[in-house]
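Listed below, chain by chain, are the residues.
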Amino acid sequence: MQKAMHKEKPQTDSADVMDLRKTLEWLKSQGDLIETDKPVDPDLEVTGLQKHLDGGCPVIFNNVKGKPNHRVITNLFGDMNVINKMFGWKNDIERTRKIAQAFRKPLKPVIIPQEQAPVQEHVILDPDDVNKYMVPIRHTTYETELTVGSGIRCVSFDQFDGGTDLGYNRMNFRWGNIGTFQISPGSHMWQVANKYYKDDKPIPISMCFGVPPACTLLAGAGFDYAILPMGCDEIGIAGAVQGSPIRMVKCRTVDAYTLADAELVLEGYIHPRDRRFETKESEDAGVQGRYHFHPEWAGYMGKAYKAPTFHVTAVTMRKPETKPIIFALGVHTLDDHNIDTTVREAAIFELCERLQPGIVQDVVIPYCMTDWGGCVIQVKKRHQVDEGWQRNFLGAALSCSQGMRLAIAVSEDTDPYSMDDIMWCMTTRVNPRTDILNPIPGGRGQTFMPAERMTAGDKQWTASNTQFEGGMGIDATVPFGYESDFLRPVYPVDQVKPEDFFTKKDIENAKSRMVGWVHSLARTGR
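Residues numbered from 1 in each chain as written. Predicted model: local features only at pLDDT ≥ 70, side-chain atom pairs only at ≥ 80, totals over all residues. Heavy atoms only, no water.

J.: Please provide a residue-by-residue account of the sheet that holds strand β12 (residues 257–259), values included.
T.: If you trace the three strands from one edge of the open sheet to the other, you get β4-β11-β12, paired in mixed fashion. In the strand order of this sheet, the two ends are held by β4 (110–111) and β12, each with one partner. Where β4 and strand β11 (residues 247–250) come together, two bridges link them in parallel fashion. Considered in β11, the bridge of isoleucine 111 is made with methionine 248. (Pairing = 2+ DSSP bridges. Helix = DSSP H or I, 4+ residues; strand = E, 2+ residues; numbered from the N terminus.)

What follows is the structure, given as structure tokens:
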């Protein structure tokens, strides 16, 4: 069987990624950072500009309207080539395998004294208005209020069965130092909150902003719990990803720990039973799941719900005169997508590898599969008894990833990074009667897909009222033993050089007209 070809990018020395500031300095030295001193408004302008540059290099705004003591970074993870270079990965395949190795060999975080923690250089106790120290943003004109969606929770040790957890939870501080704290059903934070809900106990945590990049990647690792169960050490895995232990520090006002090299931290307690509406609009109507609020990873507008609350007891940060950096994350961008899928791809790869080693070659989650919505699993069948394992992998991925809607298996002659190549496989290799699977009808999904929300009928669009119709698995692989019948032509692109026949200008002119699938085909000769 032919193999798909993957173009490797030339590498330079990897960055010092132990904190965000050093990372940005390195990115600037590499020509991978653009910045502006012109005033930018967090209300619509930040995300509007990010969307203009979606998939481009990181962008830093040094002058944020109404926030003289802050800077804003966005698009930090928008370009996967920059991410690979940042961590010293040769290519996408190596990235996935290296992260999978980190699952097995985490580096335990180190605890440093409070006086040594950059994030505790400046401490504000009992803040009256948390939004003074945040940079809330509004993504679209459909939203009636600004939100804080880029904070990364840090749940550690006693609160997480001895391990550590990182993840995203959107917040809206409508009551000064109290804000809503949205928790995705089934997530690690949901599991933690359920432990405390019965006894009505508050949960001590910290919310971190401007963290080491490896921690940002692990924060996107939602719904990978067959590989990253309750009690795992996500901060330890982040340390293994960056090649050195993450530094933690004891919080100043709650019995919890936080990321010592963050830019800014909110300390406080989650109150699972103190549930409030995320927006005034939804509160006035007394209805959940109807009014637009904060776009979701699925590519649709989110809805406002009643959520647990976060009661902030302190704000700690780097010295204000250094202008702490807030990562203002736009949702349903390549920035957000790469954060949510980089570790997830490795987790699905590891899941398949644990089921039967040596068959899975790569796992890719294309942008159009919307973060947690799907995956492409590339396999190599070595002999007859490997036939069928691709279906086990599809069933496992759909079962172990809450709400996954589509999983596709392809062979090693397919470019899993080209949706055109994948569509060609589905068109020419799939038997609709035998190769389309629905392994978990009636299983538990997520409420972020409109198709699932509609199952609530006239009831409010909440997790308890919606049903999941089950994800779809598609086996688009070549049946073992029929490789010659499915042989793809390979043109001799490695035997001729265009520059031997045409000028550089002519080649650039011709290649500027190439769009879509032809890029993959020209690279591989297919």
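J.: Give a description of empty space enclosed by the protein that names residues and reports values.
T.: In the structure shown here, the tally under the stated rule is four cavities of 30 Å³ or more. In this model, the largest cavity occupies a volume close to 450 Å³. Together, 29 residues line the largest cavity, and Tyr168, Asn169, Ser184, Trp297 and Trp372 are the ones closest to its centre. At the level of secondary structure, the elements contributing two or more residues to the lining of the largest cavity comprise β7 (164–168) and α9 (334–355). The leading source of residues in the lining of the largest cavity is β7, at four residues. Looking at the lining of the largest cavity residue by residue, the classes come out as 13 nonpolar, nine polar and seven charged. (1 Å grid on protein atoms, 1.4 Å probe; cavity = no way out; pocket = protein on both sides within 12 Å on 5 of 7 lines; lining within 4 Å. Points joined across faces, edges and corners; volume = space filled by probe spheres on them. Nonpolar A, V, L, I, M, F, W, Y, C, P; charged D, E, K, R; others polar.)

J.: Outline the nonpolar core, listing residues and values.
T.: With 122 residues, the main nonpolar core has Phe103, Leu266, Phe310 and Ile377 as its most contacted residues. A total of eight residues in this core trace back to one element, the largest contributor, which is α9. Counting six residues, the second largest nonpolar core, distinct from the first, contains Tyr225, Trp297, Ala298 and Met449. (Core = buried A, V, L, I, M, F, W, Y, C linked by side-chain atoms within 4.5 Å. Buried < 20%, exposed > 50% of the residue type's maximum accessible area, 1.4 Å probe, protein only.)

J.: I'd like to hear about the pairing of strand β6 (residues 152–156), residue by residue, with values.
T.: β6 sits mainly inside the fold: five of its five residues count as buried. On β6, burial covers both faces: Ile152, Cys154 and Ser156 on one face and Arg153 and Val155 on the other are all buried. Where β6 and β7 come together, five bridges link them in antiparallel fashion. Of the residues in β7, the one forming a bridge with valine 155 is aspartate 165. Where β6 lies against strand β10 (residues 203–209), three bridges are found, and the strand directions are antiparallel. Looking at the pairing, cysteine 154 lines up with serine 206 of β10.

Everything listed here is a matter of coordinates, which is why it stays silent on function.
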